[in-house]
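What the coordinates show
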Amino acid sequence: FVWSTGATTSTLVGLGPGTYTVTVTSANGCTGTDSVTLNEPSCIGDRVWMDMNRNGCQDPGEFGQANVTVTLTGTTSTGDPVNLTTTTANNGHYQFDNLQPGTYQVHVTLPTDMAFSPINACSDDFTDSDVNAAGSTGNINLVAGNCNVTVDAGVYEACLNIIDPGTICCDQTL
């Protein structure tokens, strides 16, 4: 075994991203060469939160939504389909790790009796809601080693205080 790193063992460990080539020579003098490219994994994630004032921006005191189903779909840059599902933690956070470069979409399953906040309502991508009224993002392009942790979803109660007359929310009255 002769590796492009100069190693002469049958296996290598602790390799970073890059292309590695190995040449193997048999006892009869026959050789074969092969290469492999290792990419640094990427990730997508962030938070689903309760948007109390329905403005599409994460404000102080607006807490995360636990147990919300989040699905990641898309295609890697080599054409492999991706379909992964996770559930938000108690603080509303979620993350899909070890992704290959590619094009992805995030879909958030709307909790019962909730609605999605307005999309991209803030000037700060770290605090705005990134899903449309159907709960999906547009395409998210990832390159090797890129972690996009700004993919948020604001939700709010669709029917607040409809039993008691008075203010329902924000500028709505009954």
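Structure first, text after, so check above.
A brief report on the enclosed structure follows. Residue positions within a chain follow its written sequence, with the count starting from 1. Note on the predicted model: pLDDT of at least 70 is required for a residue's local features to be given, and 80 or more for side-chain atom pairs to be given and counted; whole-chain, interface and lining totals, by contrast, use all residues. Heavy atoms from the whole structure form the basis of all side-chain values; hydrogens and water molecules are not counted.

A separate point is the sheet that holds strand E3 (residues 31-38). Strand pairing in a sheet is mediated by backbone hydrogen bonds. Such pairs are either parallel or antiparallel. For two strands to be treated as a pair, DSSP must find at least two bridges joining them. Segments assigned H or I by DSSP are reported as helices when at least four residues long, segments assigned E as strands when at least two residues long, and all are numbered from the N terminus. Reading across the sheet, the three strands line up as E1-E2-E3 and stay open at both edges, with antiparallel pairing between neighbours. The open sheet has two edge strands with one neighbour each: strand E1 (2-3) and E3. Both E1 and strand E2 (residues 18-25) contribute to a ladder of two bridges, which runs antiparallel. Considered in E2, the bridge of Trp-3 is made with Val-22.

To continue, consider the environment of Asp-46. Take Asp-46: it is sitting in strand E4 (residues 42-50). Each C-alpha atom of the pair Asp-46 and Thr-31 lies 49 Å from the other, and the pair is 15 residues apart in sequence. Here a residue-residue contact requires only that any non-hydrogen atoms of the pair lie within 4.5 Å. Asp-46 has contacts with Gly-92, His-93, Tyr-94, Phe-126, Val-149, Thr-150, Val-151 and Asp-152, leaving out every residue within four places of it along the chain.

Within the secondary structure, Leu-15 sits in the loop between E1 and E2. Among the residues examined, Leu-15 registers a relative accessible area of 34% and is labelled partly exposed. Once the C-alpha coordinates of Leu-15 and Thr-112 are considered, the two residues, 97 residues apart in sequence, prove to be 46 Å apart. Burial here depends on accessible area, computed with a 1.4 Å probe over protein chains only, as a share of the maximum for the residue type. Under 20% is buried, over 50% is exposed, and the range in between is partly exposed.

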